[in-house]
Amino acid sequence: VLACGLVAWLWRERVDLAPQLRFLGIGWAPFVALFGLSAVLSPTPVPGLVKTAWFALNLIGAYAWCRLFRPGDLARGYFACYLALAAILVVDFVTGFTLGPQAMIGHGQPNALTSGGTLWRPHAFHYEPSYAAAALALAWALSVTRIGSQAPRLAIALTGLGLVALVILMSRTGWLYVAVFVALL
């Protein structure tokens with residue numbers, strides 16, 4: 001799917017890929033270099049190098065797909081997807097708490113935070129809740145930047161519902177994002 005987006009973008013825009021890759025390379029070179037270096041220095045470098053190449057392909061494909069849309073449409077789609085994720089987390093928390101994990105949309109992890117009962121920590125469609133918290137916190141942070149001005153209503157909804165979702169994830173990562181964000185206000 002990512003390769004199809006790259007082909008469609010190259011065909012539609014007739015772009016010279018070199019300047020675009022240079023632009024992406026400047027921003028992502030430190031990450032790729034450190035990841036590649038750690039792969040080379042590991043006892044089994046091939047899996048790490050394959051993951052580095054896979055990351056580069058995913059990054060270029062995602063960039064191409066983003067370039068196929070107008071900025072406003074892209075921001076609206078982005079925020080709508082993360083608003084749906086936040087809503088799923090909130091619904092899963094409520095249904096997991098009241099009806100158990102079989103009623104959850106996504107996955108739930110048992111958490112014995114209360115004596116005599118189990119809270120079902122929502123995972124949405126992610127393996128670990130901190131992944132959901134990190135993704136949601138990134139979207140939440142972007143919603144209060146200039147990107148949020150492209151879709152202000154969705155950005156406001158994401159900020160409110162995202163805050164609730166970050167707290168109920170019971171993720172230290174999510175709570176850390178909330179604390180840092182509140183401290184920066």
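Residues numbered from 1 in each chain as written. Predicted model: local features only at pLDDT ≥ 70, side-chain atom pairs only at ≥ 80, totals over all residues. Heavy atoms only, no water.

**Some points on the overall build of the protein**
Helices and strands together make up the secondary structure of the protein, namely seven helices and two strands. Counting from the amino terminus, helix and strand elements in the protein follow one another as α-α-α-α-β-β-α-α-α. The buried share of the protein, reckoned over its 185 residues, is 31%. Per element, the accessible surface of the protein, about 11400 Å² overall, is 72% carbon and sulfur. Placing the 11 positive and 5 negative side-chain charges of the protein at their respective mean positions leaves the two points 5 Å apart. (Helix = DSSP H or I, 4+ residues; strand = E, 2+ residues; numbered from the N terminus. Buried < 20%, exposed > 50% of the residue type's maximum accessible area, 1.4 Å probe, protein only. Areas by Shrake-Rupley, 256 points an atom, 1.4 Å probe, with all protein chains shown as cover. Lys, Arg positive; Asp, Glu negative; His and termini not counted. Charge placed at Lys NZ, Arg CZ, Asp CG, Glu CD.)

**So, the nonpolar core**
As a rule of thumb, soluble globular proteins bury nonpolar side chains together. Ranked by internal contacts, the top residues of the largest apolar core, which has 24 residues, are F79, L89, L136, L158, A165, L166 and L169. For this core, the elements supplying multiple residues, two or more each, are α4 (71-99), α5 (129-143), α6 (152-168) and α7 (172-184). Ranked by residues supplied to this core, first place goes to α4 with eight residues. Each residue touching A165, except ones within four places of it in the same chain, is listed here: A86, L89, V90 and L136. By size, the runner-up hydrophobic cluster in this structure holds six residues, among which are L6, W9, A64 and L68. (Core = buried A, V, L, I, M, F, W, Y, C linked by side-chain atoms within 4.5 Å. Contact = heavy atoms within 4.5 Å.)

**Concerning the layout of surface pockets**
Here the largest pocket defines a volume of roughly 800 Å³. Forming the walls of the largest pocket are 19 residues, and the residues nearest its centre are A62, Y63, C66, L74 and I147. Taken together, the elements giving at least two residues each to the lining of the largest pocket come down to α2 (17-41), α3 (45-67), α4 and α5. Per-element tally for the lining of the largest pocket: the top contributor is α3, with seven residues. In terms of residue class, the lining of the largest pocket is built from 16 nonpolar, two polar and one charged. (1 Å grid on protein atoms, 1.4 Å probe; cavity = no way out; pocket = protein on both sides within 12 Å on 5 of 7 lines; lining within 4 Å. Points joined across faces, edges and corners; volume = space filled by probe spheres on them. Nonpolar A, V, L, I, M, F, W, Y, C, P; charged D, E, K, R; others polar.)

**Some remarks on the pattern of salt bridges**
Using the criterion set out here, one finds two salt bridges in the structure. With a shortest N-O distance of 2.8 Å, R70 and D73 are connected by a salt bridge. Look at D73 and you get partly exposed, because its relative accessible area is 32%. D73 serves as the salt-bridge partner of R76, at 2.9 Å between the closest nitrogen and oxygen. Of the two residues, R76 and D73 are both situated in helix α4; the distance of three residues between them amounts to about one turn of the helix. For R76, a relative accessible area of 37% gives the class partly exposed. One salt-bridge network, in which partners are shared between bridges, spans R70, D73 and R76. (Salt bridge = Lys/Arg side-chain N within 4 Å of Asp/Glu carboxyl O.)

**Considering the packing of α6 against α7**
At their nearest, the axes of α6 and α7 sit 7 Å apart, and the two run at 135° to each other. Here α7 runs oblique to α6, going by the angle between their axes. Seen from α6, the contacting residues are L163, L166 and V167; seen from α7, they are G174, W175 and V178. Its residues assigned to classes, the contact of α6 with α7 shows five nonpolar, one polar and no charged. (Axes fitted to C-alpha atoms, helices over the stretch in contact; angles between N-to-C directions. Parallel < 35°, antiparallel > 145°, perpendicular 65-115°, else oblique.)

**Examining α2**
In an α-helix, one full turn covers 3.6 residues, which means residues spaced three or four apart are oriented alike. Here α2 is 25 residues long, yet its end C-alpha atoms lie only 31 Å apart, well below the 36 Å a rise of 1.5 Å per residue gives. Along its length, α2 reaches its greatest deviation from straightness, about 60°, at W28, and the proline P30 lies no more than four positions downstream. Of all the positions in α2, only Q20, L24, G36 and A39 are classed as buried. For α2, the elements touching its buried residues are α1 (2-13) and α3. (Expected span 1.5 Å × (residues − 1). Bend = angle between axes of the 7 residues up to and from the residue.)

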